[in-house]
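# Topology and contacts: notes
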Amino acid sequence: MEKLRRSMMFVPGNNPGMLLNAGIYGADTIILDCEDAVAITEKDSARNLVFQAISEINYGTEVAVRINHISTPFGWDDLKRILPAKPDLIRLPMCQGPDEICQIDEFISEAEQKNKFPSGSIKMMAAVETPKGLRLAYEIASASPRMVALAIGAEDFIANLKTTRSKLGRELLAARGQLVLAAREAGIQCIDTVFSDINDEEGFKKELELIKEMGFDGKSVVNPRQVSVVHEFFAPTAKEIDHAQRVLAAYQEALEKKSGVISLNGKMIDLPIVARAERTLTYAKATAGKGGK
Ligand SMILES: CC(C)(COP(=O)(O)OP(=O)(O)OC[C@H]1O[C@@H](n2cnc3c(N)ncnc32)[C@H](O)[C@@H]1OP(=O)(O)O)[C@@H](O)C(=O)NCCC(=O)NCCSC(=O)C[C@@](O)(CC(=O)O)C(=O)O
Ligand SMILES: [Mg+2]
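Below you will find a few notes about this structure. Nothing here was measured: the structure is a model prediction, and the numbers come from that model.

Rules used throughout
- Residues numbered from 1 in each chain as written.
- Chains lettered and ligands numbered in written order.
- Predicted model: local features only at pLDDT ≥ 70, side-chain atom pairs only at ≥ 80, totals over all residues.
- Heavy atoms only, no water.
- Helix = DSSP H or I, 4+ residues; strand = E, 2+ residues; numbered from the N terminus.
- Buried < 20%, exposed > 50% of the residue type's maximum accessible area, 1.4 Å probe, protein only.
- Polar contact = N/O pair within 3.5 Å; in protein donor to acceptor, adjacent residues only side chain to side chain.
- Contact = heavy atoms within 4.5 Å.
- Axes fitted to C-alpha atoms, helices over the stretch in contact; angles between N-to-C directions.
- Parallel < 35°, antiparallel > 145°, perpendicular 65-115°, else oblique.
- Left-handed = near helix turned anticlockwise from the far one by under 90°.
- Core = buried A, V, L, I, M, F, W, Y, C linked by side-chain atoms within 4.5 Å.
- Near = heavy atom within 4 Å.
- Areas by Shrake-Rupley, 256 points an atom, 1.4 Å probe, with all protein chains shown as cover.
- Salt bridge = Lys/Arg side-chain N within 4 Å of Asp/Glu carboxyl O.
- Pairing = 2+ DSSP bridges.
- Donors = N, O, S within 2.8 Å, 3.2 Å for Na, K, Ca; no water.

A word on the side chain of D192. Tracing the backbone through its elements, the reader meets D192 in strand 7 (residues 189-192). Residue class for D192 comes out buried when judged on its relative accessible area of 0%. A polar side-chain atom of D192 sits 2.7 Å from a polar atom in the side chain of K219. Look past the residues within four positions of D192 in its chain and what remains in contact with it is I152, R176, E207, I211, F216, G218, K219 and S220.

This part takes up the packing of helix 8 (residues 173-186) against helix 9 (residues 201-214). Running from amino to carboxyl end, helix 8 crosses helix 9 at an angle of 40°, the nearest separation of the two axes being 10 Å. In terms of orientation, helix 8 lies oblique with respect to helix 9. For the element pair helix 8 and helix 9, the recorded crossing hand is right-handed. Residues L173, R176, G177 and V180 of helix 8 form the contact with helix 9, whose own contacting residues are E207, L210, I211 and M214.

Membership of the largest hydrophobic core comes to 63 residues, with the highest contact counts inside it found for I30, L32, I140 and L150. Looking at which element gives the most residues to this core, the answer is helix 8, with five residues. By size, the runner-up hydrophobic cluster in this structure holds 12 residues, among which are A64, L89, A149 and I191.

To continue, consider the site of ligand 1. In the neighbourhood of ligand 1, 25 residues make up the surrounding shell, with F10, R66, E155, V222 and R225 lying closest. Within the backbone of D156, one N or O atom sits 3.1 Å away from an oxygen atom of ligand 1. Taking 1,100 Å² as the accessible area of ligand 1 by itself, protein coverage stands at 65%. Broken down by secondary-structure element, the contributors of at least two residues to the shell around ligand 1 are strand 1 (7-12) and helix 7 (154-161).

It is worth spelling out the pattern of salt bridges at this point. Scanning all chains against the criterion turns up 22 salt bridges. The closest approach of N and O atoms between E112 and R146, which form a salt bridge, is 2.8 Å. Linking E112 in helix 4 (residues 98-114) with R146 in the loop between helix 6 (137-141) and strand 6 (147-152), this pair joins segments that are 34 residues apart in sequence. Look at R146 and you get buried, because its relative accessible area is 5%. Note that K219 is salt-bridged to D192, the shortest N-O span being 2.7 Å. Here K219, found in strand 8 (residues 218-221), pairs with D192, found in strand 7; they are 27 residues apart in sequence, far enough to count as distant.

This part covers the sheet that holds strand 2 (residues 29-33). Read around the closed barrel, eight strands run 1-2-3-4-5-6-7-8, paired in parallel fashion. Adjacent strand axes in the sheet meet at a mean angle of 25°, parallel and antiparallel pairs treated alike. Taken together, the five bridges between strand 1 and strand 2 define a ladder with parallel strand orientation. Bridge assignment links M8 to a residue of strand 2, and that residue is T29.

With distances of 2.0 to 2.1 Å, the protein atoms coordinating the magnesium ion (ligand 2) are E129 (OE) and D156 (OD). Separated by 27 residues along the polypeptide, E129 in the loop between strand 5 (123-128) and helix 5 (131-135) and D156 in helix 7 bring together distant segments of the chain. The exposure class assigned to D156 is partly exposed, which follows from its relative accessible area of 23%.

Next up, the structure:
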């Protein structure tokens with residue numbers, strides 16, 4: 001089973017209190033942010049705080065750093081300062097194409113060598129937040145073996161579309177669908193964007209229902225209260241687990257009888273359904289007891 005990334009929680013890199021406690025909420029990944037959660041005047045101190053946090057705190061979970069884009073005056077400095085602390089994952093925002101991934105990949109390789117870290121141990125993911133990034137999503141996803149996920153950054157994406165974000169999310173349907181397809185083609189995970197209204201639990205759940213149906217592996221979140229809600233949604237229900245067990249039992253029985261046709265309660269079961277049932281049970285096992293605080 002691949003690494004669970006149901007919830008990826010942003011933590012502002014310039015907030016010492018939040019950095020200190022970020023590990024206690026049960027997020028699958030915490031993203032220490034040097035980009036948009038940090039004002040321009042705070043970039044240097046955030047970078048230093050993030051370095052210190054990774055070096056000194058045992059978060060007990062995957063630690064990512066969202067750097068500033070490498071075309072800004074901050075991106076390369078973020079990497080130079082932070083890589084020696086050995087984050088698990090670098091998240092690149094506003095990714096515009098595979099060249100950026102290759103450049104950062106090379107830079108990380110040099111840092112791994114210099115610091116005697118195992119080669120390939122620092123992973124990468126990229127957020128697609130522009131129409132160009134979306135058009136090149138598959139190329140971005142497959143530009144480096146370090147790439148473990150694509151993400152969509154809706155606030156920036158929608159600003160680039162020149163529209164506004166709605167509760168139903170119709171404006172994002174095409175982009176979300178294309179991003180999942182690109183990630184699946186490249187064989188990596190796909191993470192949905194943040195839901196900024198932390199007090200609108202009903203709206204948040206509706207969005208979770210949609211993204212789970214669309215095939216996303218997880219969601220970026222901005223607040224600890226959102227973590228357990230995400231985990232609840234991504235956990236298979238008792239009904240789904242029961243159905244998966246019945247499918248596998250029917251499949252086993254058919255194999256023993258050397259029967260080519262399998263059915264369960266009058267419904268034909270074919271191999272993709274068997275594969276889905278296996279995935280449900282593997283996922284149920286992997287998520288059991290990992291609900292978040
Ligand atoms: C929203 C709010 C201010 C609310 O604060 P409040 O204090 O009212 O919240 P409460 O619930 O009362 O907090 C209860 C306790 O949890 C602590 N606590 C809260 N949040 C915590 C946290 N994140 N990490 C650790 N600790 C946390 C808090 O300190 C308190 O601790 P304590 O006092 O000890 O009880 C706060 O959450 C927050 O700052 N969020 C992060 C915002 C952020 O990072 N934005 C940038 C990323 S998006 C982006 O860039 C767009 C994007 O790029 C996205 C894409 O690419 O996907 C695109 O384009 O779409
Ligand atoms: Mg953004």
